Structure formats: C-alpha cells, structure tokens
Amino acid sequence: MVSPAHPGTEQGRVPAAVAHLQQAAQQAQLRRYGVLASLGQLALRDLSLPCFARESLAQLLETLELSQGALWELLDGGRFRCVASFGASPRPGQLVEPAEASEWHALLATPSLTAKVFGEEAPVPLTPLAPGSQGLLVRLPGSSGEAVAVLALGMLPERRCDADALSFLQAVAHLLGAAISREHQTRTRRAEVERLQALFEGSPLVIGLKGPDGRYAYVNRRFATYLRKPVEEVLGHTDEELFPADTARMMHAHDDTVRATGEPREFEEELALPEGRLLFLAERFPLREPGGTPYATGLMALDISALKRTERELRRREGELRQMVDGLEDQGIIGLDTQGRVTGWSRGAERLKGYKAEEIIGREVAFIHEGELARPGMLREALAKAAREGRVEAESWCVRKDGSRFLSEDTVFPLWMEEGGLRGFSVVSRDVTERYEAQMELQRSEARYRLVSRATGESIWDWDLVENRVEWGEQALERFGYPARESASDPSWWEARIHPEDRAAVLSSLVRAIEHGEERWYAEYRFLRADGDQVWVRDHGYVLREGGRPVRMIGAMADITRRRRAEEERSRLYREAQEAIRLRDEFLSVASHELKTPLTTLQLHLQMLRMLATKGGSAFSPERATKKLSLAEYQVQRLVTLVSDLLDISRLNSGRMEFRFETVDVARMVRELLERQRQLLRHCGSELRVQLRGGYAARVDPMRLEQILTNLLSNAGKYGQGKPIDVSIEGDEDEYFIRVRDRGIGIAPEDQQRIFERFERAVSERHYGGLGLGLWISRRIAERLGGTLTVRSRPGEGSTFELRLPRFPSETRPSEPVDEAHW
Ligand code: ADP
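Analysis parameters
Residue positions within a chain follow its written sequence, with the count starting from 1. A pLDDT threshold of at least 70 governs which residues receive local features in this predicted model, and a stricter bar of 80 or more applies before side-chain atom pairs are shown or counted, although totals over entire chains, interfaces and linings include all residues. Each side-chain value is worked out from all heavy atoms of the structure, with water and hydrogens disregarded. We call a residue near a given molecule or strand whenever any one of its heavy atoms falls within 4 Å of it. Counting of polar contacts relies on pairs of N or O atoms within 3.5 Å, with two restrictions inside protein: one atom must be capable of donating a hydrogen and the other of accepting it, and residues adjacent in sequence are counted only when both atoms are side-chain atoms. Areas reported here follow the Shrake-Rupley algorithm with a probe of radius 1.4 Å; residue values treat only the protein chains shown as occluding. Working definition: helices are DSSP H or I runs of at least four residues, strands are E runs of at least two. Numbering for both runs from the N terminus. Classification used: nonpolar for Ala, Val, Leu, Ile, Met, Phe, Trp, Tyr, Cys and Pro, charged for Asp, Glu, Lys and Arg, polar for all others including Gly. Only heavy atoms matter for contacts: two residues are in contact if any of them lie within 4.5 Å across the pair. Given a helix with a known number of residues, its expected span is that number minus one, times 1.5 Å. Whether two strands pair comes down to DSSP finding at least two bridges between them. Fitted lines through C-alpha atoms give the axes, limited to the stretch in contact for helices. The angle between two N-to-C directions lies from 0 to 180 degrees. The rule is simple: put a 1 Å grid over the protein atoms alone, call a set of points where a 1.4 Å probe fits but cannot get out a cavity, call an open set with protein on both sides within 12 Å along at least five of seven lines a pocket, and count a residue as lining if it has an atom within 4 Å of a point. Grid points are joined across faces, edges and corners, and a volume is the space filled by probe spheres set on the points. Burial classes: relative accessible area under 20% of the type maximum marks a residue as buried, over 50% as exposed, and values in between as partly exposed (1.4 Å probe, protein chains only). Just so you know how the angles are binned, under 35 degrees is roughly parallel, over 145 roughly antiparallel, 65 to 115 roughly perpendicular, and the rest oblique.

Q: In this structure, what is going on with the site of the ligand? I would like to understand it.
A: Neighbouring the ligand are 21 residues, the closest being N715, Y719, D742, R761 and L775. Within the backbone of L775, a nitrogen or oxygen atom sits 2.7 Å from an oxygen atom of the ligand. Coverage of the ligand by the protein amounts to 97% of the 530 Å² it exposes when considered alone. Among the elements of the structure, α18 (702-719), α19 (774-784) and β27 (798-806) are those that each provide at least two residues to the shell around the ligand. Considering every element that reaches the shell around the ligand, the biggest residue donor is α18, with 4 residues. When its residues are assigned to classes, the shell around the ligand shows 10 nonpolar, 7 polar and 4 charged.

Dropping the structure here:
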C-alpha cells in the first residue's frame, strides 16, 4: 500500500513552492468536499442504486485520478455482484466467478481475502494480493457497520494516495455503503409488502383498511367481489356509500367500540349484500402510529353463512336424532368413550336403568351390572371385542338405582372417526327380563310337556316360525312309524303327509290362526303313517308372539283313529236307525192304508149284500148276491196276500220259513199257474203270452216258486200299462230261467237294485198301491231255492225279471235268520 503523503508544516516562512503545493492541496481538498457534497445531494435524490453507484464511482475515479474501479455488492451466501465499473472488465450485474481467476477481481472469490478486507476498516492494498496489480480494496459498511460491498480500485503504478485522498475515499465508501444498505432495506420491504399483498389477495378473508375519514384505503379482491364491484370502485368510499344504511350503521358502531377500547374485537355481522344477507365473523382492529395514536381501522372477516347453515342443519339433525333416540321407549341408547366411560345417556336409558344422565355421564357403565360385565376388565374386553368384530352382544343382570334387578341385553357397536381412529362405542340396551322369564317358564313347561307327552303318548312338535323349522319331540315321529332320525324339520314334511283331501282346510285354518292373532289352533285330519296307512290325528297348537309377531308355535298331535272309527260307526248306525225308523213309519202308514183299502171295500160289499138281503124282493137275486160275494172274496184274497207277505217277512227275518222240496215238472206247474192268473191279468188289460217248450223236471218247493211267479206277474200287471206280458222258461240240465217281461213303465237304472230291498219302491204310493215287500220276499226265497232273481229294465220300455234256479240243488240251504237288529 502506498503511504499517504503528509503535507509537512514548517516553522517560519513557507517557501513559495510549498505554498503552491499547499494551495494545490487545499484546492484538491476543496474539490473533494465539493464532490462529497454533490454526491451527498445525489444520495438524497431518489436515484436508483446502479445510477448512484455509477455516478459516485465516476466522481471518485476522476477526483482521485484513478485508472479503473468496480463496485461489488455482497450478496447472501458470500458472493459478489458488480453494481458499477469503470475502466475494468466486469459489467454491472456480473457475478464474481472463480473461473475467471485470471482477472484480478476474481480475488474476491477467495474467502480468505474477503475476510481480510472485511476485517479491515482501512483500504487493503491489492499489490501483495495480486502480483502486478496496483490498487486498493475498500470495504463498504452498511447502516449498522456491517460490510455490504467492496470497492476495487486500480491505479497507475506511480500513483500514490495521500491521507486526504484516503479519507475522501472512506467518505465516498460510507456514502455508497449507506446507499446499498438503503437499497437492501427497500428491497426487503418491497418483498415483504408483496408477500403481504399476495397473502391478502389470495386470502379467503375479506380484508379492508379504513382511514380516519372512514374511507377505504385498502380492500382485497374478495371484499370487492362481495360488493360485485372492481376494487377501484370501493377504494376511497365509505360504508354508507357501499352498504345499505342499517349495515353501515352496525359497522360504524363496531368500529367505534374498537377505537374506544383500542383493542381488536370479534363480531358476528350480518351484512346486506347483493347476493343476499350473509353472515360474517369479523375481526375489527385499530391501527396505530408508533406513538400510539390510532390512524385507521382494519377489518378481516370470514363468510360463515354456509358454516352457520351447516351448523344449523347439523343442530337440527342432532335434535331430530336425539328425539328419535329419546323416543325409543323400551331401548336405552348409551354412548361410551374408548375407555368405557358414559358420554351419552338417552331418555330410554334413564327409564330402563333408573339413573339420570347427569348421575352417570363420566362413570363406567359397568358399575350397574352384576356378574360377568361387572368383573374388572370385562367391560374393556367386551369393548375391545366390539371394536375387533364390529359388534358384540351381551346379556347381564343389572341393578337399577331403586335396587330392582333386570336382565339387560346390550348390543355394542364401535364408533369410528373419519380418519379411522376409534372414537367410542354406542350401546343399545333392552330390558329382556320378561322374555327371559317367559323363556324360563317355557322351559319348565316344556319339561312338563315332555312328561305329559310320555304320559299321554302324544307327539309334541315345536315350530320356529322365524327360521321355519319344526322340531319333533321325544318319540313324536316313532309314534307314526317313522324312524327317529327322519329329517322332518322342514314343515313341508308334515304338510306332505296330510291327506290330500284335508290338506287345504288344515293349512288354511293354521294360517288363519297365525295371522289373525289367535292363540290356539286345532284341527282333526288324516295323516300318513310310515307304513302307508292313514290315521286320524287330532292336532293342537299354541302360538307364541313377540311384540305381536308370531315367532313360535308349539303343539301336540294324537292318533285318534279308534275314537274316530267308533264315532263314524256310531253315526252310521244312527243314520241307519233313523232310516229304519223312517221306513218303518212309512211302512206303517202304507200298510195301514193297504190293509184299510180292501177292508173298506169288503165292508162295502157286505153292507150292500145285507141291504139286498133285508130288502128282499126283486132287488135280491142269487146272481147279484154271488157277484157281491165274489167281489168280497177278492178283497179277502188281497187281505190274505198282504197278511201272508207280512208273515213271510217275519218268517224270513226269524229264519222260520220252511221249504218243502219235491221234484215237479216246473213247465207244467207254471202253465197251470198262468192259467189261473190269466183271468186276473185280463182285469189289468194285459194279454199273457207264454213260451214254454217241453217239460222241466226240477226239485223245488212248488208253493214258494208259485209265490215268486205270482208276485212277478202281479207287478207286470200293475206296472205293465195294459200291454202284453211274456212269460218264458228255458234252461239246460243244470238250471232253468223263468223270465217275466212286461212293456210298461220300466225302472230307472238307479232304482233297479233298491227295489229288491224291504219297503223300497220306485213309484209313488198315490199312483200304485203296494208295500214294497214283494220283490224283497221273492229274492230271499229265490236265494233259499239256490238261485237268483234279477231285473233288466229301461224306463218307459218295460222290465224283464229273470228267475234263475238250479234244477237239482245239491243241498237245500238251511233257513238263516236275517240279521236285522233294528227290525
Ligand atoms: P210293490 O208292492 O210296491 O209292488 P214290490 O216289492 O213288488 O212292491 O215292488 C217294489 C217296487 O218295484 C214297486 O213299487 C215298483 O216301483 C217296482 N216294480 C216292481 N215290478 C215292476 C215292474 N214290472 N215294472 C215297473 N216297476 C216295477
């Protein structure tokens, strides 16, 4: 470094040369002061740093007559950037790069050098640092003395700087340092303001600043957007100009409060805005001068309308939910935290467990439980299981506040937070004491029922209506011949074994009982045994309900076949007895009528005969008397026939009818009989035609055979409508057939069997007299003779009665009594 030249002062007279030098020095000094003054003024002007630096550097070089110079600004991280340069290579804005080591200013990239420069107040000569270089490095201090830049000056080799020059240099260095410091501060402030501005503009908050005159000095974009105006149309305006009167008044009142207290304060403000009334959470705050005088009020507000709406909606829903939860009369809803402490207690829970919410919230719910859940750690275990498995059900006895006990059925669900953590638990509690007691009672009665079933031999069944499964009790299936292991749990097993004719009625009565809230069901039906037999069963059922809902049915089935058969037999006998009584009554009325008719006629003929006899004279003649007598005889004959029919019945019934078999020529016998009957049939208007070929020797009771044929011929006359009657005999060596054919009214097919029964008639008693006994007697006799009596007939076309008899019956049957108890 060049030692500055110190102008010496000498005692005495000052030589002219020295004086000249002194004058020159004073002038140089004066010039430097001038430069400093003008630079000082420049610094006060609002020049940009590069401009000022350039000007300062230029003045400095010129004043000190230096050849080159550069101003290097120290950046963060210890690097340097060129602010201004003269006569030197770096351009303004250029950074010092170590690569440019050939340049002298590359020295600045050497940390040891910069440390040295910054450590020195005084300029550091370049020479020892950069061989061949001549110059100075000057540290530029900032506003608080820290190094902010380096001034690198080059000078011609012969050039020296004196002390004045150096102090000038220092002064300029201070000026430049201060300028750079200022520039730094300005930059920092600008960056801060920009950051703040970006923050405000991007903020979801409505931000505004009002000056003391009440006009907005700053509003962010969001503020203006709510007013549907550009920012510029809001700035400079008052609340009265921007908002409706009531809103503006309210804002003023709030501002006044803030100004009066000098403290920031939060308000909920409802503002009338173009899009409607919106709710804001507004923070209003006073802005103060450093001395404390407020000069403005600020506002930061957040639109909480949507939030409020959501909050209201949430509250409404919560209220509804609570009402619902509290409305559950018979269920307690309980909230638990993760530790099992009560956080929520519904009205239902209060009713159920007897504790009020305030008495139990915060406590462990387990304390009201007995047994399992009350055991230390059990509740935690149950909760952990619920968290693991999503749900846990527990039944345990609880003690109410009043000391009464009840069986509580608790279902525990875990409650999860949105992000997945466990928030707590929700418990649904029900008092199931009644159900439990009913179940116990049921179990007891089931046990009793099992015993009863053993005692009575009934098949007990238990039908789970919810699961639709039937359980058959002990021996239930075996009683119907099925193996005990038969898979009969599906109700269709039972259904399929009901007799098809009874099935619909049984099932519909069952459905009716279940659906119509009836307690009991009863049915009697036929049921299929394993061996294929149908048995009659009596089935009872009892319907169990839960809350009105049918859940189960228990019943018993008993085999009542014997009782049923006895009943059927009884009712059949009753029916038959009724019928017999009816027939007897009918017979009595017909018989009395039949007996009365010939008697009346007979009486009439006898009266007339007496009249003739008493009158005498010409009225009485033997011919007239004979005629009357033969008419009377005819009626007597009718009576005899009737009475002998009745006698025959009683004989046949009691087995006392006797048969006298003898071998006769049947053809001849029939011929003789027909001769006798011919006259009688003529009365009816029917002609009798006979076809008899040869003789038929046969062994028979001729009286009885005649009785049958007389009966058939008299019917043919009675029902033959006066049309011809044919009688024929034909046969072989074993048997012979005697047929009596008429062409009268005929017999309906459905009556053709019936007419052979006692008192059975196919015609009305009004049109044709008769007891309905002739054919019955005839068939019985035919059977006794070892043959048959049958009929073929068509209504309206006549009938053919055929008597088939063996010619030589091997043995005559013993006379059997008729088993007719009711006769
Ligand atoms: P009844 O005294 O009523 O004739 P029967 O036992 O002889 O008694 O006959 C029974 C019924 O059979 C008669 O009432 C009649 O309805 C029917 N019947 C019998 N014979 C004839 C026939 N030849 N033609 C039509 N119906 C007959």
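Q: What am I meant to see in the side chain of N220 here?
A: In this fold, N220 is placed in the loop between β7 (216-219) and α5 (221-226). If we ignore the near neighbours within four places in the chain, the residues touching N220 are F200, E201, S203, L205, V206, I207 and V231.

Q: For this particular structure, what's the right way to read helix α12 (residues 433-456)?
A: Three- or four-residue spacings in an α-helix give side chains the same orientation, since the helix completes a turn every 3.6 residues. Taking 1.5 Å of rise per residue, the 24 residues of α12 would be expected to cover 34 Å, and the 33 Å separating its terminal C-alpha atoms lies within 8% of that figure. The inward-facing, buried residues of α12 contact β13 (392-399), β14 (405-416), β15 (422-431), β16 (459-464), β19 (534-546) and β20 (549-559). Two residues or fewer after α12 comes G457, characterised by a positive phi angle close to 75 degrees.

Q: Looking at this model, I keep getting lost on the sheet that holds strand β6 (residues 206-210). Mind explaining?
A: Across a sheet, strands are paired by hydrogen bonds formed along the backbone, either parallel or antiparallel in direction. Spatially, 5 strands are ordered β7-β6-β10-β9-β8 in an open sheet, and the strand pairing comes out antiparallel. Every interior strand has two partners, whereas the edge strands, β7 and β8 (265-273), have only one. The mean angle between the axes of side-by-side strands here comes to 30 degrees, regardless of whether they run parallel or antiparallel. As paired strands, strand β9 (residues 276-288) and strand β10 (residues 294-303) are joined by 9 bridges and run antiparallel to one another. Residue pairing in the sheet places P286 in a bridge with T297 of β10. Each of β6, β7 and β10 is contacted by helix α4 (residues 163-202), which is oriented at about 75 degrees to β7, the strand it contacts most.

Q: When you look at empty space enclosed by the protein in this model, what are you seeing that I'm missing?
A: Over the atoms a probe the size of a water molecule is rolled, and this reveals where empty space is left. Per the stated rule, a full pass over the model turns up 4 cavities of 30 Å³ or more. In this structure, the largest cavity is lined by 14 residues; those nearest its centre are L373, L379, D410, V412 and V427.

Q: Quick question: what am I supposed to make of unusual backbone geometry here?
A: The phi torsion of most residues other than glycine is negative, and most of the peptide bonds are trans. One non-glycine residue, E65, lies in positive phi territory at about 55 degrees. Tracing the backbone shows E65 in the loop between α2 (49-64) and β1 (68-74). The phi torsion at R228 lies on the positive side, around 55 degrees, for a residue other than glycine. Here R228 shows up in the loop between α5 and α6 (239-242). For R228, a relative accessible area of 59% translates into the label exposed.

Q: Honestly, the sheet that holds strand β26 (residues 788-794) in this entry has me stumped. Any pointers?
A: Judged by pairing direction, the sheet is mixed, and its 5 strands sit side by side in the order β22-β24-β25-β27-β26 without closing on themselves. Of all strands in the sheet, those bounded by a partner on one side alone are β22 (688-692) and β26. Between one strand axis and the next, the sheet turns through 15 degrees on average, direction left out of account. In terms of strand pairing, β26 meets β27 through 7 bridges, oriented antiparallel.

Q: Would you mind showing me how to read the pairing of β9 here?
A: Each regular strand displays side chains that alternate between the two surfaces of the sheet. Of the strand pairs in this sheet, β8 and β9 are connected by 9 bridges, and their pairing is antiparallel. Opposite E270, over in β9, you have L279 as the bridge partner. Between the antiparallel neighbours β8 and β9 lie 2 residues.

Q: Would you mind showing me how to read the packing of helix α1 (residues 16-44) against α2 here?
A: The relative placement of two packed helices is expressed as an angle between their axes plus a distance between the axes. At a minimum axis separation of 11 Å, α1 and α2 run at an interaxial angle of 180 degrees. Between α1 and α2, the interaxial angle falls into the category roughly antiparallel. In this structure, α1 uses R32, V35, S38, L39, L42 and A43 to contact α2, whose residues at the interface are F52, E55, S56, Q59, T63 and L64. Taken together, the residues of the contact of α1 with α2 break down into 6 nonpolar, 4 polar and 2 charged.

It is worth stressing that arrangement in space is one thing and function is another; only the former is reported here.
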